[in-house]
Amino acid sequence: FKLPNSVYTTLNFTEADFAFDDKVIVSSIFRDVLIWSIVDSKPLAMLHAPVGIITKLIVDRERKGLIGYIGHSREIHLWNLNGAFTDGTVIDALTESISKICVAEDAPRAIAVCSNSDEMGVVDLDTGFLTDLYTHEGHVINCAISSCGSFAIVAIKAKKNQILQI
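Residues numbered from 1 in each chain as written. Predicted model: local features only at pLDDT ≥ 70, side-chain atom pairs only at ≥ 80, totals over all residues. Heavy atoms only, no water.

Colleague: I'd like to hear about the sheet that holds strand β4 (residues 42-48), residue by residue, with values.
Modeller: Spatially, β1-β2-β3-β4 is the arrangement adopted by the 4 strands of the open sheet, whose pairing is antiparallel. Each end of this open sheet is capped by a strand with a single partner; those strands are β1 (13-19) and β4. Strand after strand, the sheet turns through a mean of 20° between neighbouring axes, direction not considered. (Pairing = 2+ DSSP bridges. Helix = DSSP H or I, 4+ residues; strand = E, 2+ residues; numbered from the N terminus. Axes fitted to C-alpha atoms, helices over the stretch in contact; angles between N-to-C directions.)

Here is the structure:
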């Protein structure tokens, strides 16, 4: 298939993971998220994101949520897997396309890093809002968040690491 102003791309599943104590499989193909029951071998739901290929899905096992983003997009999408399977809500947009999202294990917080950018966004997973936006002395190339969600470390092209209390 071919997206507007793009080249032809092979259509493949781009992500897959387990959810609900390994009772369902969550997978993405193109802009759709498919949820399958392992027990019944039947589809449960299909969620949608705007036009584009879902690049990354992260299952938040603690809060039964799903975080996704589309390559070359500035938007983060959240779905609540606990009941009403509805289309993802765009929670906020960063200034560049998202290259990586890290989720805290013990807190409803995630950080998002943009491609070719000096910024890192902090997202509250309970409300879905971007709560902070940090800029750095160079382009952020990697990041990690502590399990408590209070600290993040970033690697920037200038070869410096910064530890931030968020």
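Colleague: Mind laying out the pattern of salt bridges, listing which residues take part and the relevant values?
Modeller: Enumeration over the complete set of coordinates arrives at 1 salt bridge. Between Lys-56 and Glu-15 there is a salt bridge; the shortest N-O distance is 3.9 Å. Taken as a pair, Lys-56 in strand β5 (residues 54-60) and Glu-15 in strand β1 lie far apart in primary sequence, 41 residues in all. (Salt bridge = Lys/Arg side-chain N within 4 Å of Asp/Glu carboxyl O.)

Colleague: How would you summarise unusual backbone geometry if you had to cite specific residues and measurements?
Modeller: One non-glycine residue with positive phi stands out, namely Asp-21, at about 55°. Turning to its location among the elements, Asp-21 is positioned in the loop between β1 and β2 (24-29). When its relative accessible area of 66% is taken as the criterion, Asp-21 is described as exposed. Here Ser-41, not a glycine, exhibits a phi torsion of approximately 55°, which is positive. Within the element layout of this structure, Ser-41 appears in the loop between β3 (32-37) and β4. On the accessibility criterion, Ser-41 (57% relative accessible area) is exposed. (Buried < 20%, exposed > 50% of the residue type's maximum accessible area, 1.4 Å probe, protein only.)

Colleague: How would you summarise a nonpolar patch on the surface if you had to cite specific residues and measurements?
Modeller: Taken together, the side chains of Phe-18, Ile-25, Trp-36 and Ile-38 present a nonpolar region at the surface, about 330 Å² in accessible area. Secondary-structure assignment places Trp-36 in strand β3. Accessibility expressed as a relative area gives 36% for Trp-36, which makes it partly exposed. (Patch = residues over 30% accessible without salt bridge, like charges linked within 9 Å, V, L, I, M, F, W, Y side chains within 5 Å. Areas by Shrake-Rupley, 256 points an atom, 1.4 Å probe, with all protein chains shown as cover.)

Colleague: Help me get a handle on the pairing of β4, residues and values and all.
Modeller: Side-chain positions along a regular strand alternate between the two faces of the sheet. In terms of strand pairing, β3 meets β4 through 6 bridges, oriented antiparallel. Bridge pairing in β4 links Asp-32 to His-48. The loop that links β3 with its antiparallel partner β4 comprises 4 residues; one of these, Ser-41, has a positive phi angle of about 55°.

Colleague: Which residues make up the side chain of Ser-27, and what are the values?
Modeller: Relative to the helices and strands, Ser-27 is located in strand β2. We classify Ser-27 as buried; its relative accessible area is 7%. If we skip the residues at most four places from it in the chain, Ser-27 touches Phe-13, Glu-15, Ala-16, Asp-32, Val-33, Leu-34 and Leu-57. (Contact = heavy atoms within 4.5 Å.)

Colleague: Could you give me a rundown of the nonpolar core, with the residues and numbers involved?
Modeller: By size, the foremost hydrophobic cluster in this structure holds 15 residues, and its most contacted members are Val-26, Val-33 and Leu-66. Mapped onto this core, the elements with two or more residues apiece are β2, β3, β4, β5 and β6 (65-70). Among the elements that take part in this core, β5 stands out by supplying 3 residues, more than any other. By size, the runner-up hydrophobic cluster in this structure holds 14 residues, among which are Ala-104, Ala-107, Cys-143 and Ala-152. (Core = buried A, V, L, I, M, F, W, Y, C linked by side-chain atoms within 4.5 Å.)

Colleague: Any details on the state of the cysteines? Residues and values, ideally.
Modeller: Here the structure, examined in full by the defined rule, presents 0 disulfides. In this structure Cys-143 is a free cysteine whose sulfur lies 3.5 Å from that of Cys-102, the closest cysteine sulfur available. The class for Cys-143 is buried, based on a relative accessible area of 7%. (Disulfide = S-S within 2.5 Å.)

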